[in-house]
Amino acid sequence: MATILAIESSCDETAVAIVKNRNVLSSIVASQIDCHRVYGGVVPEVASRQHLLAVNTCLAEALQQAQVSWSEIEAIAATVAPGLVGALMVGLTTAKTLAMVHQKPFLGVHHLEGHIYASYLSHPTLEPPFLCLLVSGGHTSLIQVKGCGDYQQLGTTRDDAAGEAFDKVARLLGLGYPGGPMIDRVAQTGNPQAFPLPVGRISLPTGGYHPYDSSFSGLKTAMLRLVNDLKASGQDLPVADLAASFQATVARSLTQKTLACALDYGLTTIAVGGGVAANRELRHQLQKAAQEHHLTVYFPPLKFCTDNAAMIACAAAEHFERGDRSSLKLGVQSRLGITEVHHLFEN
Ligand code: KG4
Ligand code: ZN
């Protein structure tokens, strides 16, 4: 079974991990949240510089924690797309350098494929076909996983990603960055039925609504109006009730679309990935709905929901076993669809 060292640096976490097939030997994550908090969001240039400062320490810690020598590591992988270009460059350049110095094969990994593979880490017996609900700061996708590198996107968001909506609404409520965990925490003491809010729907030209695509911009505007009206009436903002109502609406929207997609495509297993998969209300609603329809849902543990390098190494391990290798000339890409994963490999 392949032992892979992987680097993840697509956004605001510098991460290095060593994974043997689906076993995590080490996983180090250096979060930059404190650096970006003062700006209320991720500043790309700050992110690149922080990755540069952190990557060597993360590497040393990952090797130390795994207790493996370079001779045991079979390949080096790095996230190469999608993400912040300057940030991705740090991980890619580090990985290529290590591959050259230690004469190991190099593999470029798609960040979203990594999020899919987070479920294999926590549930090693999971096998395709299954439906993956991928909900992060940049993506909201329903992906049919047919095999390694073989994906079909069945649903997406037409505007904000789910995590982005959490981050923007948290800012509106004065909860700070990153918004998802803050809303999740504050909502614990709120009433999710306090404010009725709209679930975004996408009209089809032929009539009716798209069954799997999401939209969060209408919900975000409804929250803005609500907050402005409450402020204008001179009341203190019922932040916990607002957070709970918003969170319940996002969870309801995602649950409805995921369920419809799984049932229509006859997929009995759902794996959830990305930072928003950590959300307690989403976990609760999706678990309950799936149980009612005799479907299985897998949520990775929180440390594998948010960005980490173990999921990147796990995806690379399977590509490596299949003989996939990337060119040392491979560059980074800010955007790349999940259906284009094969472009990252030479054969
Ligand atoms: O997957 P991730 O770590 O990075 C991206 O690839 O984007 O996801 C980060 C996103 C952020 O928008 C953050 O607010 C959201 O995941 N998030 C959450 C929770 N934890 C993180 N959203 C809702 N509830 C949470 N508990
Ligand atoms: Zn991510």
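Below you will find a few notes about this structure. (Residues numbered from 1 in each chain as written. Chains lettered and ligands numbered in written order. Predicted model: local features only at pLDDT ≥ 70, side-chain atom pairs only at ≥ 80, totals over all residues. Heavy atoms only, no water.)

## Focus on the coordination of the zinc ion (ligand 2)
The expected angle between donors at a tetrahedral four-coordinate metal is 109.5 degrees. At an octahedral six-coordinate metal it is 90 or 180 degrees.
Alright, step 1. Listed as protein donors to the zinc ion (ligand 2) are His111 (NE2), His115 (NE2) and Asp307 (OD); their distances from the metal cover 2.0 to 2.1 Å.
Alright, step 2. Considering all four donor atoms around the zinc ion (ligand 2), angles at the metal cover 95 to 139° and the coordination shape is irregular. (Donors = N, O, S within 2.8 Å, 3.2 Å for Na, K, Ca; no water. Tetrahedral: all angles 85-135°; square planar, octahedral: opposite > 155°, others 65-115°.)

## Here's the deal with the pattern of salt bridges
Alright, step 1. All chains considered together, the criterion is met by 11 salt bridges.
Alright, step 2. A salt bridge links Asp34 to Arg37; the nearest nitrogen and oxygen atoms lie 2.8 Å apart. Of this pair, Asp34 and Arg37 both sit in helix α1 (residues 33-37), separated by three residues, roughly a single helical turn.
Alright, step 3. Classification of Arg37 by relative accessible area gives partly exposed; the value is 42%.
Alright, step 4. The closest approach of N and O atoms between Asp160 and Lys168, which form a salt bridge, is 3.3 Å.
Alright, step 5. Overall, the relative accessible area of 7% leaves Asp160 in the buried class.
Alright, step 6. Given the relative accessible area of 31%, Lys168 is considered partly exposed.
Alright, step 7. One continuous salt-bridge network, built from bridges that share partners, spans Asp160, Glu164, Lys168 and Lys220. (Salt bridge = Lys/Arg side-chain N within 4 Å of Asp/Glu carboxyl O. Helix = DSSP H or I, 4+ residues; strand = E, 2+ residues; numbered from the N terminus. Buried < 20%, exposed > 50% of the residue type's maximum accessible area, 1.4 Å probe, protein only.)

## Let's talk about the site of ligand 1
Alright, step 1. The environment of ligand 1 is made up of 20 residues, and the closest members are Gly137, Asp167, Gly180, Asp184 and Gly275.
Alright, step 2. In this structure, Asp307 approaches ligand 1 through a main-chain N or O atom, which is 3.1 Å from an oxygen atom.
Alright, step 3. Starting from 550 Å² of accessible surface for ligand 1 in isolation, the protein chains cover 88%.
Alright, step 4. Elements with a minimum of two residues in the shell around ligand 1: α4 (111-122), α5 (162-172) and α6 (179-187).
Alright, step 5. Sort the elements by how many residues they give to the shell around ligand 1 and α6 lands first, with four residues.
Alright, step 6. Looking at side-chain class alone, the shell around ligand 1 contains five nonpolar, 12 polar and three charged residues. (Near = heavy atom within 4 Å. Polar contact = N/O pair within 3.5 Å; in protein donor to acceptor, adjacent residues only side chain to side chain. Areas by Shrake-Rupley, 256 points an atom, 1.4 Å probe, with all protein chains shown as cover. Nonpolar A, V, L, I, M, F, W, Y, C, P; charged D, E, K, R; others polar.)

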